[in-house]
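The primary structure of each chain is shown beneath.
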Amino acid sequence: MPESKPAQALLDFIDASPSPWHAVATAVEQLKAQGYRQLQESDAWQLESGGKYFVTRANASLVAFTLGRQSPVESGFRIVGAHTDSPGLRLKPKAAHSTDGLLRLGVEVYGGPILATFADRDLSLAGRVHVEGTTGHTSCLLRFEAPLVRLPNLAIHMNREVNESGLKFNKQTELPLILGLAKDAGEAHQEFLALIGKALQVAAEGILAYEFAAYDTQKGVFWGADHEFIADSQLDNLASCHAALTALLATAKPDATCVCALFDHEEVGSVSLTGAAGSFLSDLLERIEPGVEERKRAFSRSFFISADMAHAYHPNFPNAYDAQHKVMVNGGPVIKHNANQRYTTSGETAARFIALCNEAKVPYQEYVHRTDLGCGSTIGPILAASLGIACVDVGSPMWSMHSIRESAGALDQGYMVSALQAHFNS
């Protein structure tokens, strides 16, 4: 059986983080336990040499950093970026409605999930609730632990072509989640608010707004003949968040200033207050190195790793892959290439990452998407362009990307952590 400690730590991290806001809260807990001090964007900062700090924005994105023994002008920044969000179903603002005696919750499709995988799963809700208080509104994390909602499938007797044509849902009419039996057709919204209020122990009338994602209540597991694989939700991209955070926490007294940046909204384009296309990271780097001339010099000596999961070769579908660039689970970190800059890797930055893998004594792989298929993208090109920092796109190999239940190799989390730690210490 493969060494499983990093993989088990990843599963624990994911299971504690059913929404982007929970993922940030989980990261904050780990940072505080290792002596990192929280800063507020609204405060003046007094940073100390060797200090360890973190900042959150809207409780959905986080940047943690430790100041190096050398100034950024001397050694630059060592940055790893990843994203806290995953594709799925998000509740509408007035989600609850009554139809044919059933209480249902309307949803929007967030990003590009494989919708069929959400059917017939033990789903629940997790997110945050905004509650009116005596001095203004407060935000509370809320997670319903037990299965609460469901998307039942249509029987094959009424959908005879499902195995030939695939399972498809009309996003407006066929995705509402069943919550329960309706008590009063005209009070569906109030019934749902009462359920939230009971869970938070607040008055329903004090609830101003909520933001909920549907999540799978099944916990992560090891599987395979020798437990060589793992399965969980949100491997894309909480695996990269966890690897970046773990590597930073294991880095003591580095020469360069090390930064771990976890962003929301990558799955919908990153253009937001908390997304990678926003100002969060550039604002923070400017406050670490306020001088314009000094900061530009520091950027020229910096290296940024964009960490997002990669497509592992699936032997049942060989024609979906470029035959010369098949990457395997448990084969180590994947360097992602695209000539059209959907990934930001260059020959120079690929070589630099390969050197880090060699130093960490971990295997590496290289991936190119089939030329006749559309290629996804990452936060890498966005931040490389806006900051002017050399960047490489990498990720751990996985199956079933954007399914509610994804799979990966049990060894690869440890490999990625080691490679990123070599980066922070470089």
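Scroll up to find the structure this text is about.
Procedures and definitions
Residues numbered from 1 in each chain as written. Predicted model: local features only at pLDDT ≥ 70, side-chain atom pairs only at ≥ 80, totals over all residues. Heavy atoms only, no water. Helix = DSSP H or I, 4+ residues; strand = E, 2+ residues; numbered from the N terminus. Rg over C-alpha atoms; globule rule 2.2 N^0.38 Å. Buried < 20%, exposed > 50% of the residue type's maximum accessible area, 1.4 Å probe, protein only. Contact = heavy atoms within 4.5 Å. Areas by Shrake-Rupley, 256 points an atom, 1.4 Å probe, with all protein chains shown as cover. Lys, Arg positive; Asp, Glu negative; His and termini not counted. Charge placed at Lys NZ, Arg CZ, Asp CG, Glu CD. Pairing = 2+ DSSP bridges. Phe/Tyr/Trp six-rings, centres within 6.5 Å; stacked < 30°, edge-to-face > 60°. Lys NZ or Arg CZ within 6 Å of the ring centre and 35° of its normal. Axes fitted to C-alpha atoms, helices over the stretch in contact; angles between N-to-C directions. Parallel < 35°, antiparallel > 145°, perpendicular 65-115°, else oblique. 1 Å grid on protein atoms, 1.4 Å probe; cavity = no way out; pocket = protein on both sides within 12 Å on 5 of 7 lines; lining within 4 Å. Points joined across faces, edges and corners; volume = space filled by probe spheres on them. Nonpolar A, V, L, I, M, F, W, Y, C, P; charged D, E, K, R; others polar. Expected span 1.5 Å × (residues − 1). Arc of directions from axis to C-beta. Salt bridge = Lys/Arg side-chain N within 4 Å of Asp/Glu carboxyl O.

1. A word on the overall build of the protein chain
At step 1: Along the protein chain, the regular secondary structure elements total 11 helices and 20 strands.
At step 2: A compact globule built from 426 residues would reach a C-alpha radius of gyration of about 22 Å, and the protein chain, at 22 Å, matches this within 12%.
At step 3: Its C-alpha atoms put the protein chain at 65 × 60 × 40 Å along the principal axes.
At step 4: The proportion of buried residues among the 426 residues of the protein chain is 53%.
At step 5: For the protein chain, the share of sequence-separated contacts (at least 6 apart) that also reach a separation of at least 24 residues comes to 77%.
At step 6: Summed over its atoms, the accessible surface of the protein chain is roughly 18,600 Å², and 50% of this surface lies on carbon and sulfur atoms.
At step 7: In the protein chain, 34 positive and 46 negative side-chain charges are present, and the distance between their average locations comes to 2 Å.

2. Things to note about the pairing of strand β5 (residues 88-99)
At step 1: Pairing geometry for β5 and strand β6 (residues 102-110), over 8 bridges, is antiparallel. Each residue of the ladder has a partner; that of Thr-99, found in β6, is Leu-102.
At step 2: The hairpin turn running from β5 into β6, its antiparallel successor, is 2 residues long, and Asp-100 in that turn takes a positive phi close to 55°.

3. Comments concerning the packing of aromatic side chains
At step 1: With the rule as written, the count across this model stands at 10 aromatic pairs.
At step 2: On the numbers, 6.3 Å between centres and 50° between planes, the contact of Phe-144 with Phe-212 is tilted. With Phe-144 in the loop between β8 (136-143) and α4 (162-165) and Phe-212 in strand β10 (residues 207-216), this pair connects stretches of sequence that are 68 residues apart.
At step 3: The exposure class assigned to Phe-144 is buried, which follows from its relative accessible area of 11%.
At step 4: Phe-212 sits in the buried class, given a relative accessible area of 1%.
At step 5: Cluster of aromatic residues (ring-pair linked, three or more members): Phe-144, Phe-192, Tyr-210 and Phe-212.
At step 6: The residue whose ring lies beneath Arg-287 is Trp-45, and the NZ or CZ to ring-centre distance is 3.9 Å.
At step 7: When the ring centre of Tyr-313 is taken as reference, the NZ or CZ atom of Lys-326 above it lies at 4.7 Å.

4. Focus on the packing of helix α9 (residues 347-360) against helix α11 (residues 412-424)
At step 1: Where α9 meets α11, the closest approach of the two axes is 8 Å, and the angle between their N-to-C directions is 110°. Looking at the two axes, α9 sits roughly perpendicular to α11. From α9, Phe-353, Leu-356, Cys-357 and Ala-360 reach across to α11, where they touch Ser-418, Ala-419, Ala-422 and His-423.

5. Structural notes on empty space enclosed by the protein
At step 1: Overall, the coordinates contain 2 cavities of 30 Å³ or more when judged by the stated rule.
At step 2: Together, 21 residues line the largest cavity, and Ser-86, Pro-87, Gly-88, Ala-214 and Gln-234 are the ones closest to its centre.
At step 3: Every element with two or more residues in the lining of the largest cavity is listed here: β5 and β10.
At step 4: If one sorts the elements of the lining of the largest cavity by residue count, β10 sits on top with 4 residues.
At step 5: The residue inventory of the lining of the largest cavity, partitioned by class, reads 9 nonpolar, 7 polar and 5 charged.

6. As for the sheet that holds strand β20 (residues 406-409)
At step 1: Here we have 5 strands laid out as an open sheet, ordered β11-β12-β20-β19-β15, and mixed in their pairing. This sheet does not close on itself; its edge strands, each paired only once, are β11 (221-223) and β15 (310-311).
At step 2: Where β15 and strand β19 (residues 397-399) come together, 2 bridges link them in parallel fashion. The residue of β19 that forms the bridge with Ala-310 is Pro-397.
At step 3: Docked against the sheet, helix α1 (residues 5-15) engages β11 and β12 (229-232), running at close to 5° with respect to β12.

7. Quick word on α9
At step 1: If you check α9, its first and last C-alpha atoms are 20 Å apart, about what 14 residues at 1.5 Å a residue would give, namely 20 Å.
At step 2: Turning to α9, its buried residues are Thr-349, Ala-350, Phe-353, Ile-354, Leu-356 and Cys-357. Buried residues along α9 cover an arc of 155° about the axis, so they all sit on one side. For α9, the exposed residues set more than 90 degrees away from the buried face come down to Gly-347, Glu-348 and Glu-359.
At step 3: Contacts from the buried residues of α9 go to β14 (303-307), β16 (334-337), β17 (365-368), β18 (390-395) and α11.

8. What to know about the sheet that holds strand β3 (residues 61-66)
At step 1: Strand order in the open sheet made by the 9 strands is β1-β2-β3-β13-β4-β14-β18-β16-β17, with mixed pairing throughout. Either end of the sheet is taken by a strand with one partner, and the two such strands are β1 (37-38) and β17.
At step 2: Taken strand by strand, helix α7 (residues 280-288) contacts β2 (52-57), β3, β4 (77-83) and β13 (257-263), and its axis lies near 25° from that of β3.

9. Regarding the pattern of salt bridges
At step 1: On inspection of all chains with the given rule, the structure shows 9 salt bridges.
At step 2: The shortest N-O distance in the salt bridge between Glu-145 and Arg-143 comes to 3.6 Å.
At step 3: On the basis of relative accessibility, which here comes to 56%, the residue Glu-145 falls in the exposed class.
At step 4: Given a relative accessible area of 22%, Arg-143 falls into the partly exposed group.
At step 5: Here the residues in one salt-bridge network are Glu-41, Arg-57 and Asp-283, joined through shared partners.

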